[in-house]
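Each chain, letter by letter, is given below.
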Amino acid sequence: MSEENNIQSRRDFLSRMCFGMGGLAVVTFGIPMGIFVMAPLIEKTPEVWREVGKVDDFKIGETVQRTFEDASPLPWSGVSAKTACWLRRRSETEFTAFSVNCTHLGCPVRWLPSAGLFMCPCHGGVYYDDGQVAAGPPPRPLPQYRVRIDRDAVQVLASAVPISTD
């Protein structure tokens, strides 16, 4: 019986060691993975108003590309801290700003004034001048930035790059 108790206690010891090491592995890898997965929910990208030009710089009915600094640039970002939008002046006081990123995979769209369309060169996505999908794979219309006029300056509300999560 003594030998049977030894085998049983060895078996218990090895079982406890396996469960203990497995638990340690779960804690060691699980906590960082959980933080990584939850970070977008915990840390929100700030929204900042960025100036893109003076009101008089834009002609009514014209769509132009404007570059501005990202909402949360890092000190070492350099040129990658810049983002852009397609800005259209609709009237004396009304502006519309579209993201330059296609909602399919985030490629930069081009404005073709002769056709009155936004075109994505990556997979053939096409958007009407109001940002609605005309053809191709984009799942949603072009995202729009909020626009305001502050004194004589046109500003857009910079935020995270609005690409598809589908």
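Residues numbered from 1 in each chain as written. Predicted model: local features only at pLDDT ≥ 70, side-chain atom pairs only at ≥ 80, totals over all residues. Heavy atoms only, no water.

**Digging into the overall build of the protein chain**
In terms of helices and strands, the protein chain carries one helix and eleven strands. When the helices and strands of the protein chain are placed in sequence order, the string is α-β-β-β-β-β-β-β-β-β-β-β. The buried share of the protein chain, reckoned over its 166 residues, is 30%. In the protein chain, 50% of the contacts between residues at least 6 apart in sequence involve partners at least 24 apart. For the protein chain, the exposed area adds up to about 11,100 Å²; of that, 58% sits on carbon and sulfur atoms. (Helix = DSSP H or I, 4+ residues; strand = E, 2+ residues; numbered from the N terminus. Buried < 20%, exposed > 50% of the residue type's maximum accessible area, 1.4 Å probe, protein only. Contact = heavy atoms within 4.5 Å. Areas by Shrake-Rupley, 256 points an atom, 1.4 Å probe, with all protein chains shown as cover.)

**Some words on the nonpolar core**
One finds Phe68, Cys85, Leu87, Val154 and Val156 to be the most contacted residues of the largest nonpolar core, which totals 14 residues. Secondary structure elements with two or more residues in this core: strand S2 (63–69), strand S3 (82–89), strand S4 (95–99) and strand S11 (153–158). No other element matches the three residues that S11 contributes to this core. Membership of the second largest hydrophobic core comes to twelve residues, among which are Ala84, Cys107, Cys120 and Tyr127. (Core = buried A, V, L, I, M, F, W, Y, C linked by side-chain atoms within 4.5 Å.)

**Focus on the sheet that holds strand S8 (residues 133–135)**
The strand order across the open sheet built from four strands is S5-S6-S7-S8, with neighbouring strands paired in antiparallel fashion. Edge positions in the sheet fall to strand S5 (110–112) and S8, since each of these pairs with one other strand and no more. When the angles between neighbouring strand axes are averaged without regard to direction, this sheet yields 35 degrees. Pairing of strand S6 (residues 117–119) with strand S7 (residues 126–128), which is carried by three bridges, proceeds in the antiparallel orientation. Note that in S7 the partner of Phe118 across the bridge is Tyr127. (Pairing = 2+ DSSP bridges. Axes fitted to C-alpha atoms, helices over the stretch in contact; angles between N-to-C directions.)

**So, a nonpolar patch on the surface**
On the surface, Phe13, Leu14, Met17, Met21 and Leu24 cluster together into a nonpolar patch covering about 520 Å² of accessible area. Topologically, Leu24 is positioned in helix H1 (residues 2–42). Residue classification places Leu24 among the partly exposed positions, given a relative accessible area of 49%. (Patch = residues over 30% accessible without salt bridge, like charges linked within 9 Å, V, L, I, M, F, W, Y side chains within 5 Å. Salt bridge = Lys/Arg side-chain N within 4 Å of Asp/Glu carboxyl O.)

**Brief notes about the state of the cysteines**
With the rule as written, the count across this model stands at one disulfide. The disulfide partner of Cys107 is Cys122, and the gap between their sulfur atoms is 2.1 Å. Residues Cys107 and Cys122 are joined by a disulfide whose S-S torsion is about -105 degrees; by sign, that bridge is left-handed. Residue Cys107 is located in the loop between S4 and S5, and its partner Cys122 is located in the loop between S6 and S7; the two are separated by 15 residues in the primary sequence. (Disulfide = S-S within 2.5 Å.)

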